[in-house]
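Summary of structural features
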Amino acid sequence: MITLNSPADEKSVRALRIGDVVRISGVIATGRDELHRRLFGRFDKKIANILKGSFIYHCGPIVKRSGGGYKIISCGPTTSIREEPYQADIIKRYGIRGVIGKGGMGGGTLTALKEHGAVYMQATGGAAALLSRCIKEVIGVHFLDDFGAPEAMWVLRVKDFPAVVTMDSHSKSLHDDIYEASMKRYKKAV
Amino acid sequence: MKDAILQLIKTASTTLPGDVADALKKAHAKERKGSNAKAVLSDILTNIEIARQDSIPLCQDTGTINLFITHPKEIAQSFIKGEVNKAVKAAVKKGYLLQNAVDPVTGTNTGTGIGDGNPSIHFTQSRAKSVRIDLLLKGGGSENVSAQYSLPDSGLKAYRDLDGVKRCVIDAVFRAQGRGCAPGIIGIGIGGDRASSYNIAKKQLLRKLDDVNEDAALMKLENDLMAKLNTLCIGPMGVGGKTTVLSVKAGALARVPASFFVSVAYICWALRRASCVVRG
Ligand code: SF4
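Now for a quick tour of the structure. (Residues numbered from 1 in each chain as written. Chains lettered and ligands numbered in written order. Predicted model: local features only at pLDDT ≥ 70, side-chain atom pairs only at ≥ 80, totals over all residues. Heavy atoms only, no water.)

1. As for the interface of chain A and chain B
The partner chain B presents 41 residues to the 39 residues of chain A that form the contact. Summed over both sides, the interface of chain A with chain B buries roughly 3,300 Å², with 62% coming from carbon and sulfur. Counting across the interface, chain A meets chain B through one salt bridge. The partner of A:Arg133 in a salt bridge is B:Asp54, and the shortest N-O contact between them spans 3.2 Å. Viewed at the interface, chain B and chain A are joined by 14 residue pairs in polar contact (both at pLDDT 80 or more). Of all the secondary structure elements, the ones that give two or more residues to the side of chain A that touches chain B are strand 4 (62–66), strand 5 (69–74), helix 6 (128–133), strand 9 (153–167) and helix 8 (174–189) of chain A. The dominant element in the side of chain A that touches chain B, judged by the number of residues it contributes, is helix 8 of chain A, at nine residues. (Contact = heavy atoms within 4.5 Å. Buried area = accessible area lost by both parts, 1.4 Å probe. Salt bridge = Lys/Arg side-chain N within 4 Å of Asp/Glu carboxyl O. Polar contact = N/O pair within 3.5 Å; in protein donor to acceptor, adjacent residues only side chain to side chain. Helix = DSSP H or I, 4+ residues; strand = E, 2+ residues; numbered from the N terminus.)

2. Describing the packing of helix 2 (residues 18–30) of chain B against helix 3 (residues 36–54) of chain B
Residues and elements named next belong to chain B. One can describe the packing of helix 2 onto helix 3 by two numbers: an axis separation of 9 Å at closest approach and a directional angle of 150°. By the criterion of interaxial angle, the relationship of helix 2 to helix 3 is roughly antiparallel. Helix-helix and strand crossings are classified by hand; for helix 2 and helix 3 the assignment is left-handed. Between helix 2 and helix 3, the residues in contact are Ala21, Leu24, Lys25, Ala27, His28 and Ala29 and Lys38, Leu41, Ser42, Ile44, Leu45 and Ile48, respectively. Among the residues making up the contact of helix 2 with helix 3, the classes are represented as eight nonpolar, two polar and two charged. (Axes fitted to C-alpha atoms, helices over the stretch in contact; angles between N-to-C directions. Parallel < 35°, antiparallel > 145°, perpendicular 65-115°, else oblique. Left-handed = near helix turned anticlockwise from the far one by under 90°. Nonpolar A, V, L, I, M, F, W, Y, C, P; charged D, E, K, R; others polar.)

3. A closer look at the site of the ligand
Near the ligand the following residues occur: A:Lys102, A:Gly126, B:Cys59, B:Asp61, B:Gly139, B:Gly141, B:Ser142, B:Gly180, B:Cys181, B:Cys268, B:Ala270 and B:Arg272. The site occupied by the ligand is bordered by residues of chains A and B. (Near = heavy atom within 4 Å.)

See below:
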């Protein structure tokens, strides 16, 4: 088990390899389709200050208002591949150290991970209740009026958030490896 | 009736049926110590426990709301539908359901969980005095990897027989990899038209995992596929491992001679089903 702090530096991220089980602590930000479309191809300084060195979590949480603030009720990962057209650009432009999601991403992202020193980590799909316990604080929210709660960018302080590194900065993808291996077994099975 | 449905939604959203939880525990015990598969399954098991204790959704994607409702003819469907809609709205407010209805034309989220055709309700009329409601919450991720085939499919060498059906199912599970949040439960619909075929596939997901198919041929198909699919070693969340599927269930409908559909309703490990009987 590896402890990963966020924001992270390039060295600790490049040290990660596929199959590593990590626990993430620090500041991360949620983002899904609307946010990726918004950040793609343009630079927003305020957002960049938040994201630099940090991780974007592909997640559309269930949020409740509590007192003057917000409480994240449930926040499992959503399918990452939908952000493939945008991800490489956002990794580069916003200097994020990686992405947390599920299902893995494509070649464009894998190349960007290598070029810019970032990783893709998979959180267990559906484990929203467990993951919401790892959220210690809602630091802020952006684009809430524009996108609505699930699509807004929620800035969160997390502790011991569990994930598995499935794409690293050395051009390795566990998703590709499993795909290849299961392809061979598939041919045998039919 | 609204309150009973709200309670049903809460149960489905926050607690996993015992048979599914047991299957996950068995799978966890089987995976190798220190493997990624075991780490994923242990996250899943902890998650189930926390959701139950705190009465919060197991997964934030509470998915499409599928209701299979059997009712006496004295109770109008429009009335039941109204009660369902009220219950869904309340469940969204209470955080048991996500705001999961988006207008596909304008792109706006209705914010209430209600939209045209959503929740999806299948009514059957019966002689019973009370209303029986079976609820299935099916996550979008798992719906996305579900598939339908039209046989023959020469690419798959799948012809119009049960061997052809098997090839389709193996193909669908292979293509899904871990993306439908494996380990999955597989509902198969054989025959029918495109809509009814998918519907019967989905209905299989209401069966208990240890339920034995009454049809001997379908039972054999289920068992064969269960063994074969787990040889793919895609594993929980696609990280590799022994557990790719937890169960396979198949149903069949008459088809027209010109068509032969095979539908694969893939559902994630978070198979949220619950049922209740309400007096009129
Ligand atoms: S596929 Fe199922 S477990 Fe996975 S995110 Fe969707 S609802 Fe949750």
